[in-house]
There are 2 protein chains.
Amino acid sequence: MTKVIGHTPATNDQEHIPTIVCSACDIPDRTAAILGYGPDPLPAMRRALGRLERGGAEVIAIPCNTAHVWHAALQAKSSAQILHIVDAVADQLEPALGAGPIGLLATTGTVEARLYPQRLASRGIDCIAPEPVRQTQIMRAIALVKAGGVTSAHSILAAEATRLAERGCRAVVMACTEIPIALADQTLPVELIDATDALARACVEACLGFRPIPGARRC
Amino acid sequence: MTKVIGHTPATNDQEHIPTIVCSACDIPDRTAAILGYGPDPLPAMRRALGRLERGGAEVIAIPCNTAHVWHAALQAKSSAQILHIVDAVADQLEPALGAGPIGLLATTGTVEARLYPQRLASRGIDCIAPEPVRQTQIMRAIALVKAGGVTSAHSILAAEATRLAERGCRAVVMACTEIPIALADQTLPVELIDATDALARACVEACLGFRPIPGARRC
């Protein structure tokens with residue numbers, strides 16, 4: 001929400017985008033469901049979308065990358081336009097297309113479901129994830145951020161982003177909401193793309209008709 | 001919303017308070033209505049509350065001090081519990097009751113409606129506002145924050161808080177949402193009370209059954 005507000009060129013309350021936010025923290029763990037050891041989160045996600053729709057939402061953004069594994073199922077039952085976080089990232093990547101693949105820092109659920117590689121391939125963008133043995137560390141860092149341990153998470157995530165750079169990645173997507181909380185504003189040998197920031201810019205574009213420039217937040 | 005999350009002792013998504021936020025930026029200017037030169041904001045406020053109620057909200061917090069001039073009118077038509085920001089501030093002030101009045105930095109609407117002095121008097125707390133001639137500067141600072149001019153707003157607000165301290169105030173309430181955005185984390189000769197932070201702690205108390213300690217935010 002802070003990112004949407006930051007990208008909105010408003011000078012008073014009334015120029016901001018009317019927004020309803022459902023902090024649907026009761027949705028079961030998405031990665032656990034994808035890996036087959038947790039309950040299906042789709043019913044709780046549909047309830048959360050219903051709250052937004054009853055509140056009058058016309059454009060919906062879901063600031064959880066892993067939840068996009070269910071994007072098609074959610075869109076099929078919703079009359080609102082549900083933005084797709086991978087498309088928002090691709091829109092940001094394309095103008096800067098250089099050599100080398102895009103690296104992915106994400107939950108094990110997002111990685112195992114091949115959410116990013118499949119959708120980015122249709123835009124001609126290659127995408128690689130850390131080696132499976134490293135993925136445990138990334139999940140540990142994400143859990144640390146959820147519990148307030150931002151500093152410990154940073155050193156894990158900075159090391160993994162550096163490894164992806166060493167494997168030839170021209171940019172690394174921070175493809176889990178918790179990752180930019182720990183990794184933002186750091187000097188690393190690779191460009192970092194914040195997926196939720198790209199989604200926030202897609203919100204402004206969908207609601208106000210123009211796409212804000214990356215990095216040009218006002219606050 | 002950041003303040004509510006910061007005061008919640010959660011270690012994973014599911015331990016957070018399920019929340020719906022309506023960023024109701026289309027509500028007409030509250031101060032203009034109180035001073036008699038703007039439209040009545042009550043119908044738009046009722047529509048925003050309706051969105052929250054249809055989404056299932058049971059406890060409602062309104063993070064706009066001036067809007068509390070209409071608290072009784074809103075509560076009369078709502079089945080949800082609407083917290084009162086002045087009560088949240090009073091709950092924070094009482095344990096530290098010392099000599100001298102409380103100073104008020106607020107919109108001209110909040111000051112003219114006597115929102116704080118009236119409600120704090122029933123708790124035995126005296127409250128003084130800046131002299132009317134200073135109030136124009138405070139409104140200028142609030143408008144600057146709404147437009148992203150946080151640094152310019154800070155020097156105005158710091159000077160006004162210092163003036164209230166010189167008039168004998170033992171604490172100054174930052175009684176407009178924009179003020180702590182510009183004035184927080186500054187070293188001034190008087191204790192600053194953040195009204196929206198007090199309201200966030202009242203939310204945690206209403207939803208989880210205990211009141212977080214002032215200043216003990218996790219993030």
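Further remarks concern the overall build of chain A. When helices and strands are tallied, chain A shows 11 helices and seven strands. Since a compact globule built from 219 residues should have a radius of gyration of about 17 Å, the 17 Å found for chain A is in line with a globular shape. Expressed along its principal axes, the backbone C-alpha trace of chain A runs to roughly 45 × 40 × 35 Å. Here the analysis covers contacts within chain A between residues at least 6 apart in sequence; of these, 68% occur between residues at least 24 apart. Approximately 9800 Å² of chain A is accessible, and the part contributed by carbon and sulfur atoms is 53%. Considering chain A, the positive charge centre built from 20 side chains and the negative charge centre built from 21 side chains are found 4 Å apart.

Right, let's talk about the sheet that holds strand β4 (residues 102–105) of chain B for a bit. In a beta sheet, neighbouring strands pair by backbone hydrogen bonds and run either parallel or antiparallel. Residue and element names in this part refer to chain B. Strand order in this open sheet of four strands is β5-β4-β6-β7, and the pairing throughout is parallel. Of all the strands in the sheet, just β5 (127–128) and β7 (191–194) have a single pairing partner and so form its edges. With two bridges joining them, β4 and β5 adopt parallel strand pairing. The residue of β5 that forms the bridge with G103 is I128. Contacts from helix α11 (residues 195–208) reach β6 (171–174) and β7 within the one sheet, and its direction differs from that of β7 by about 50 degrees.

Here we come to the interface of chain B and chain A. A common way to express how large an interface is: the accessible area buried when the components associate. Taken together, the 27 residues of chain B in the interface contact 27 residues of chain A. Taking both partners together, chain B and chain A bury about 2300 Å²; carbon and sulfur atoms supply 48% of that area. The tally of links between chain B and chain A comes to 10 residue pairs in polar contact (both at pLDDT 80 or more). Every element with two or more residues in the side of chain B that touches chain A is listed here: β1 (19–23) and α3 (42–54) of chain B. With five residues, the single largest contributor to the side of chain B that touches chain A is β1(B). Both strand β1 (residues 19–23) of chain A and β1(B) contribute to a ladder of five bridges, which runs antiparallel. From the neighbouring strand, A:C22 faces β1(B), where its bridge partner is B:I20.

Residues and elements named next belong to chain A. Enumeration according to the criterion identifies 15 salt bridges over all chains in this entry. The partner of K146 in a salt bridge is E178, and the shortest N-O contact between them spans 3.1 Å. Of this pair, K146 sits in helix α8 (residues 132–146) while E178 is found in helix α10 (residues 178–183), placing the two residues 32 residues apart along the sequence.

All right, on to the environment of B:E160 then. Residues and elements named next belong to chain B. Looking at the element boundaries, E160 is found in helix α9 (residues 150–166). Placed 47 residues apart in sequence, E160 and A113 show a C-alpha to C-alpha distance of 20 Å. Other than its neighbours up to four places away in sequence, E160 contacts L105, R134, Q137 and I138.

All names here are of chain B. With 14 residues, α11 extends 20 Å from end C-alpha to end C-alpha; this agrees with the ideal 20 Å at 1.5 Å per step. The buried count for α11 comes to 10 of 14 residues, which makes it a mostly enclosed element. Considered for burial, the residues of α11 that qualify are A195, T196, D197, A198, L199, A200, R201, A202, C203 and V204. Just past α11, the residue G209 takes up positive phi, approximately 90 degrees.

Let's shift gears to the relation of the copies chain B and chain A. Between chain B and chain A, the superposition needs a rotation of 180 degrees and an axial shift of 0.0 Å, giving an RMSD of 0.0 Å. One copy is carried onto the other by what is essentially a two-fold rotation axis. Scanning chain B for the C-alpha nearest the rotation axis identifies B:V21, at a separation of 2.4 Å. Both copies present the same face, since 100% of the interface residues in chain B are matched by interface residues at the equivalent positions in chain A.

Rules and cut-offs
- Residues numbered from 1 in each chain as written.
- Chains lettered and ligands numbered in written order.
- Predicted model: local features only at pLDDT ≥ 70, side-chain atom pairs only at ≥ 80, totals over all residues.
- Heavy atoms only, no water.
- Helix = DSSP H or I, 4+ residues; strand = E, 2+ residues; numbered from the N terminus.
- Rg over C-alpha atoms; globule rule 2.2 N^0.38 Å.
- Contact = heavy atoms within 4.5 Å.
- Areas by Shrake-Rupley, 256 points an atom, 1.4 Å probe, with all protein chains shown as cover.
- Lys, Arg positive; Asp, Glu negative; His and termini not counted.
- Charge placed at Lys NZ, Arg CZ, Asp CG, Glu CD.
- Pairing = 2+ DSSP bridges.
- Axes fitted to C-alpha atoms, helices over the stretch in contact; angles between N-to-C directions.
- Buried area = accessible area lost by both parts, 1.4 Å probe.
- Polar contact = N/O pair within 3.5 Å; in protein donor to acceptor, adjacent residues only side chain to side chain.
- Salt bridge = Lys/Arg side-chain N within 4 Å of Asp/Glu carboxyl O.
- Expected span 1.5 Å × (residues − 1).
- Buried < 20%, exposed > 50% of the residue type's maximum accessible area, 1.4 Å probe, protein only.
- Least-squares fit on C-alpha atoms with pLDDT ≥ 70 in both.

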